[in-house]
Amino acid sequence: MGPFSFLANVFLTTSFVLCTIHLVDCIRDGTPHVDTVRWTGIPIFFGIAASAFEGIGLVITIEHSIKEDRNRFTRLLDVSLLLITCLLFAFGILGYLTFGRDTESVITVNFASGSYLNLVKVFILIAILFTYPMQLMPVTDVTEAYCVAEGHESLLKRRFIRTCLVLATASTAIAIPNFGLLVSFVGSLGAAMLAFILPSVFHSYIFWSTLRPLIRVKNVLVITFGVCGAIIGMVVSMRDIVEELKQ
């Protein structure tokens, strides 16, 4: 998985740089009308923001794959999350300042057609192709452990399960036309659980007796925030998805 992940990061970074250059060129032509705050979009924003950290489910797998200097992994994770947060925050603001209310959930839709856009799309597709197996690996591990009895492993059955998972995710992506709403729903349903709720629950359950009162309060607030955001985000996303499908 390592070489494929490296190549995916190269293509994603290249796409990010190309998109940023194009956004800077577009914004020079004038700033469109932007809304300072759209409160109705907060639930959708929560789900999309949470989905940006969906890779958090791979943290344990990545940590176990490190052969040496595992003690430095926590610092590496903190730096990586901070860097990703800053990049996504800056890219989101730049895109909205460029296209304003017309900003699409997939920013490349706003770009004018041409070889430049086609190159970016090809890079993104290659990156998705290389990262998809890694993102699906925790799901396949859990599903196979549940569906395949221990001592009765079957290569054919494992391939069938993995094929069904791939077809299910592809069918869902095709069936729901609005990518932003789909990402928001998935983020509210799963990513919020992984990023906010479960880490605080596990930390509190294991170390509750030794935690300082301030840390206990922080964990409770994070859990409350995650639960409220997940419920509201799922409800709003599902409502908007149903409305999109009716049209």
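To be clear, the structure that these remarks concern was listed above.
Residues numbered from 1 in each chain as written. Predicted model: local features only at pLDDT ≥ 70, side-chain atom pairs only at ≥ 80, totals over all residues. Heavy atoms only, no water.

Participant: Can you break down the overall build of the chain residue by residue, with the values?
Facilitator: When helices and strands are counted, the chain shows 8 helices and 0 strands. Along the chain, helices (α) and strands (β) appear in the sequence α-α-α-α-α-α-α-α when read from the amino end. Across its three principal axes, the chain shows a C-alpha extent of roughly 60 × 50 × 45 Å. Here the chain holds 247 residues, and the buried ones make up 25% of them. A total of about 16,900 Å² of accessible surface is found on the chain, and carbon and sulfur atoms cover 70% of it. For the chain, the separation between the mean place of its 17 positive charges and that of its 17 negative charges on side chains is 5 Å. (Helix = DSSP H or I, 4+ residues; strand = E, 2+ residues; numbered from the N terminus. Buried < 20%, exposed > 50% of the residue type's maximum accessible area, 1.4 Å probe, protein only. Areas by Shrake-Rupley, 256 points an atom, 1.4 Å probe, with all protein chains shown as cover. Lys, Arg positive; Asp, Glu negative; His and termini not counted. Charge placed at Lys NZ, Arg CZ, Asp CG, Glu CD.)

Participant: Please set out the environment of Phe-207 residue by residue, giving values where relevant.
Facilitator: Note on placement: Phe-207 falls in helix α7 (residues 179-207). For the pair Phe-207 and Pro-138, spaced 69 residues apart in the sequence, the C-alpha separation amounts to 26 Å.

Participant: Residue-level account of the packing of α7 against helix α8 (residues 213-246), with values.
Facilitator: How two helices sit against one another is set out by the angle between their axes and by the gap between those axes. Running from N to C, α7 and α8 point in directions that differ by 165 degrees, and their axes come no closer than 8 Å. Between α7 and α8, the interaxial angle falls into the category roughly antiparallel. You can see that α7 and α8 cross each other, and the crossing is left-handed. When grouped by side-chain class, the residues that make up the contact of α7 with α8 number 17 nonpolar, 10 polar and 2 charged. (Axes fitted to C-alpha atoms, helices over the stretch in contact; angles between N-to-C directions. Parallel < 35°, antiparallel > 145°, perpendicular 65-115°, else oblique. Left-handed = near helix turned anticlockwise from the far one by under 90°. Nonpolar A, V, L, I, M, F, W, Y, C, P; charged D, E, K, R; others polar.)

Participant: Give me the nonpolar core: which residues, what numbers.
Facilitator: Counting residues in hydrophobic clusters, the biggest one holds 11 residues: Leu-18, Cys-19, Leu-23, Phe-91, Leu-94, Phe-99, Ile-107, Phe-111, Leu-117, Val-120 and Phe-123. Mapped onto this core, the elements with two or more residues apiece are α1 (2-27), α4 (73-99) and α5 (115-147). When neighbours within four sequence positions are excluded, Leu-18 is seen to be in contact with Tyr-116, Leu-119, Val-120 and Phe-123. Ile-44, Leu-181, Leu-182 and Ile-241 belong to the second-largest nonpolar core, a separate cluster that totals 6 residues. (Core = buried A, V, L, I, M, F, W, Y, C linked by side-chain atoms within 4.5 Å. Contact = heavy atoms within 4.5 Å.)

Participant: Report on a nonpolar patch on the surface, specifying residues and quantitative values.
Facilitator: Together, Val-201, Phe-202, Tyr-205, Ile-206 and Phe-207 line one region of the surface with nonpolar side chains, adding up to about 570 Å² of accessible area. Taking relative accessible area as the criterion, Val-201 reaches 31% and is therefore assigned partly exposed. (Patch = residues over 30% accessible without salt bridge, like charges linked within 9 Å, V, L, I, M, F, W, Y side chains within 5 Å. Salt bridge = Lys/Arg side-chain N within 4 Å of Asp/Glu carboxyl O.)

Participant: Give a detailed account of helix α2 (residues 42-51), specifying residues and quantitative values.
Facilitator: Here α2 has its buried residues at Pro-43, Ile-44, Phe-46, Gly-47, Ala-50 and Ser-51. All buried residues of α2 lie within an arc of 155 degrees about the axis, which places them on one face of the element. On its buried face, α2 is in contact with α7 and α8. (Arc of directions from axis to C-beta.)

Participant: Break down the pattern of salt bridges for me, with residues and values.
Facilitator: What the rule picks out here adds up to 3 salt bridges. One salt bridge connects Arg-162 with Glu-144, and the closest N-O pair in it is separated by 2.6 Å. A residue pair is termed long-range when its members are at least 10 positions apart, and Arg-162 in helix α6 (residues 155-175) and Glu-144 in helix α5 qualify at 18 residues. The salt bridge involving Asp-240 is made with Arg-239; its shortest N-O contact spans 3.2 Å. Linked through salt bridges whose partners overlap, the residues forming this network are Glu-144, Arg-158 and Arg-162.

Participant: How would you explain the environment of Val-139 if you had to name every residue and give the values?
Facilitator: Mapping Val-139 onto the fold places it in helix α5. Spatially, the C-alpha atom of Val-139 lies 27 Å from that of Asn-71, the residues being 68 residues apart in sequence.

Participant: Account for the environment of Glu-144, with residues named and values stated.
Facilitator: Residue Glu-144 is classed as buried on the basis of its relative accessible area of 4%. Separated by 17 residues in the primary sequence, Glu-144 and Ile-161 place their C-alpha atoms 7.2 Å from one another. If near-sequence neighbours (up to four positions away) are discounted, Glu-144 is found in contact with Arg-158, Ile-161 and Arg-162.

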